[in-house]
Amino acid sequence: MTAERLQKLIAAAGIASRRAAERMIAEGRVTVDGEVVNVPGVRADPALQDIRVDGARLRKLGRPRRYVILNKPIGHLTTRSDPGRRSTVMDLLPHSFRSLVPVGRLDGNSSGLVLLTDDGELAQRVTHPRYRLPKTYYATVRGLPAEDVLERAQRGVRVDGEGLRLDHVEVIARFPHRAESKRRARLRVTLRGGRNREIRRVLSVLGHPVLELHRTRIGCLADTGLTPGGWRKLRGDELDELRDLIRRCAGETAAPAEPADPEPAAPSARPAAFVVAIDGPAGSGKTSVARAVAERFGFSYFNTGASVRAVALAAMRQDLDLDDGASLRTLAFRVILDPEGRVFLDGEDVSAAVRAPEVSAGASRVAVHPELREVLVERWRQFAAGGGVVEGRDIGTVVFPEAPVKVFLDARPEIRAQRRSSDEGDRDVGAVQSELNRRDHTDSGRAVAPLRRAEDAHHLDTSDLTLEETVERVAELVEAARSRALD
């Protein structure tokens, strides 16, 4: 190969970013043919010359690079090692990946997506402000920030003499409380630069300290399907999409000169808003099937019925009238669905509590109010804006009518009653079936978003199918739709 600048060679070898490599050179830690080089810009050819960093010879270039994304839990540092022997992200990976380097920083009290690689060139492009690659975070803050506070955060503030700003920030949920000290808000924040602890510092100086911070996206990469501490290798199409996005964010019209790949890169396997809509009555298997399909494809999973039940639960806890649509509307803003299928009410995980029979019965009553439905539908669209598996009773007809995959699950009434009885601790099957009959009548007869099959939805009777067989049939529909999208 031809001679290249030392900092570029060090970065390409995965040892450090270009900026860090320049510091190594300035510190006299790099030698070429036994001579210390401490001036940036010196060129060398690793095929002909002995290049060493801290005494270790530069590894051969051209070997396959490795790329891993990891969902960092709170308490782990984003670094390769810590002098204080605290836990790091490297402790979550197999020993064979110890040569990878975390790209960028995520402080120990934050969680979320981390990219690790031995591709120094890509690492430099992901982190350098010039490329303006967006990173998305969810922040829970103290208090209820007003619009002027959000505008100030986006205009910029000075903290300790340093200019800081958030590229975009919006409130996605508010958790009001009679006690001011317990009021909370959930924000979605986008950064394209990202200085040290920038989100925490900006929001703190504006009077809304961050209580929880989770990074959910790095460019087109998302933490979908990764449990805390979980990791996976990047696919080739994801890497190609990331590189293309970096170029577009930087305003580059073409890729920088590099040796051509032996094979053309495959296009992305899934559009950003690929939605699988699963509808059907209670007991048809929606939840089990939707969860399994989401896990199989690494999609986000959203249970819209859980948010309706959460509104009913909130109303019942406050002894509100379940027929007062105006009052119920305000409760919808206190409910959050996360990509793992959980539902939160005022920050409390109520995924189990909303399954109680009395809450399910209340959900049928609150779901008929147009003013509540209007808010819920818009929130469901926001939650699943990036795509995923969405289950409910009007997903294919109202919420995502353009979804590429629509499935309407059903089963014979006695089968549905048996399943629901088992889910609820072996309640009397006859009593459960009577409840389901009443709920079916209410859901299908209501004026607002009634339960019905979309004209283009695939009808699937699960009465005589196992869960695995049902999931397989839905998976075939997903694969077919993805193939059509690529044609």
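Note: the structure precedes this text.
Analysis parameters
- Residues numbered from 1 in each chain as written.
- Predicted model: local features only at pLDDT ≥ 70, side-chain atom pairs only at ≥ 80, totals over all residues.
- Heavy atoms only, no water.
- Helix = DSSP H or I, 4+ residues; strand = E, 2+ residues; numbered from the N terminus.
- Buried < 20%, exposed > 50% of the residue type's maximum accessible area, 1.4 Å probe, protein only.
- Areas by Shrake-Rupley, 256 points an atom, 1.4 Å probe, with all protein chains shown as cover.
- Lys, Arg positive; Asp, Glu negative; His and termini not counted.
- Charge placed at Lys NZ, Arg CZ, Asp CG, Glu CD.
- Phe/Tyr/Trp six-rings, centres within 6.5 Å; stacked < 30°, edge-to-face > 60°.
- Core = buried A, V, L, I, M, F, W, Y, C linked by side-chain atoms within 4.5 Å.
- Contact = heavy atoms within 4.5 Å.
- Pairing = 2+ DSSP bridges.
- Axes fitted to C-alpha atoms, helices over the stretch in contact; angles between N-to-C directions.
- Parallel < 35°, antiparallel > 145°, perpendicular 65-115°, else oblique.
- Left-handed = near helix turned anticlockwise from the far one by under 90°.
- Polar contact = N/O pair within 3.5 Å; in protein donor to acceptor, adjacent residues only side chain to side chain.

1. A look at the overall build of the protein
Counting its regular elements, the protein contains 15 helices and 25 strands. Taken across its 487 residues, the protein has 49% of its residues classed as buried. In the structure as shown, the protein presents an accessible area of about 23500 Å², 48% of it carried by carbon and sulfur atoms. Placing the 78 positive and 71 negative side-chain charges of the protein at their respective mean positions leaves the two points 5 Å apart.

2. A look at the packing of aromatic side chains
If you walk through the whole model with that rule in mind, you get three aromatic pairs. Ring geometry for Phe297 and Phe299: centres 5.5 Å apart, planes at 25°, overall stacked. In this structure Phe299 comes out as buried when scored by relative accessible area, which is 4%. Clustering of aromatic rings is evident, with ring pairs tying together Phe274, Phe297 and Phe299.

3. A few points about the nonpolar core
Proteins that are soluble and globular tend to have nonpolar side chains buried together. Val343, Trp380 and Phe400 are the most contacted members of the largest nonpolar core, which totals 42 residues. With eight residues, helix H8 (residues 304–317) is the single largest residue contributor to this core. If near-sequence neighbours (up to four positions away) are discounted, Val343 is found in contact with Ala306, Ser307, Ala310, Val335, Ile336, Leu337, Glu348, Asp349, Val350, Ser351 and Val354. Of all hydrophobic cores here, the second largest spans 31 residues; its members include Val149, Leu150, Leu191 and Leu213.

4. Some thoughts on the sheet that holds strand S2 (residues 30–32)
Strand pairs in the sheet, formed through backbone hydrogen bonds, run parallel or antiparallel to each other. If you walk across this open sheet you meet the four strands as S3-S2-S5-S6, and the pairing is antiparallel. The sheet is open, and its two edges are formed by strand S3 (35–37) and strand S6 (56–57), each paired on a single side. Direction of pairing for strand S5 (residues 51–53) relative to S6: antiparallel, over a ladder of two bridges. Along S6, the bridge assignment pairs Arg52 with Arg57.

5. Comments concerning the side chain of Gln7
Tracing the backbone through its elements, the reader meets Gln7 in helix H1 (residues 6–12). The residues contacting Gln7, other than those within four sequence positions of it, are Arg18, Ala21, Glu22, Ile25, Pro40 and Gly41.

6. Some words on the packing of helix H3 (residues 120–127) against helix H6 (residues 236–249)
It is at 10 Å that the axes of H3 and H6 come closest, and there the two elements cross at 50°. Here H3 lies oblique to H6, going by the angle between them. Classified by chirality, the crossing of H6 by H3 is left-handed. Across the interface between the two elements, Leu122, Arg125 and Val126 from H3 touch Leu239, Leu242, Arg243, Ile246 and Arg247 from H6.

7. Quick word on the pairing of strand S14 (residues 184–191)
The buried fraction of S14 amounts to six of the eight residues, a majority that puts the element mostly inside the structure. Sheet topology places strand S10 (residues 135–142) next to S14; eight bridges connect them, and they run antiparallel. Among the inter-strand pairings, Thr136 is bridged to a residue of S14, identified as Thr190. Across seven bridges, strand S13 (residues 168–175) lies against S14 in antiparallel orientation. For Phe175, the partnering residue across the bridge sits in S14 and is Arg184.

8. Let's talk about H3
A large share of H3 lies buried, amounting to seven of its eight residues. Among the residues making up H3, those that are buried are Gly120, Glu121, Leu122, Ala123, Gln124, Arg125 and Val126. N-capping of H3 is provided by Asp119, with a side-chain oxygen placed 3.1 Å from the backbone N of Leu122.

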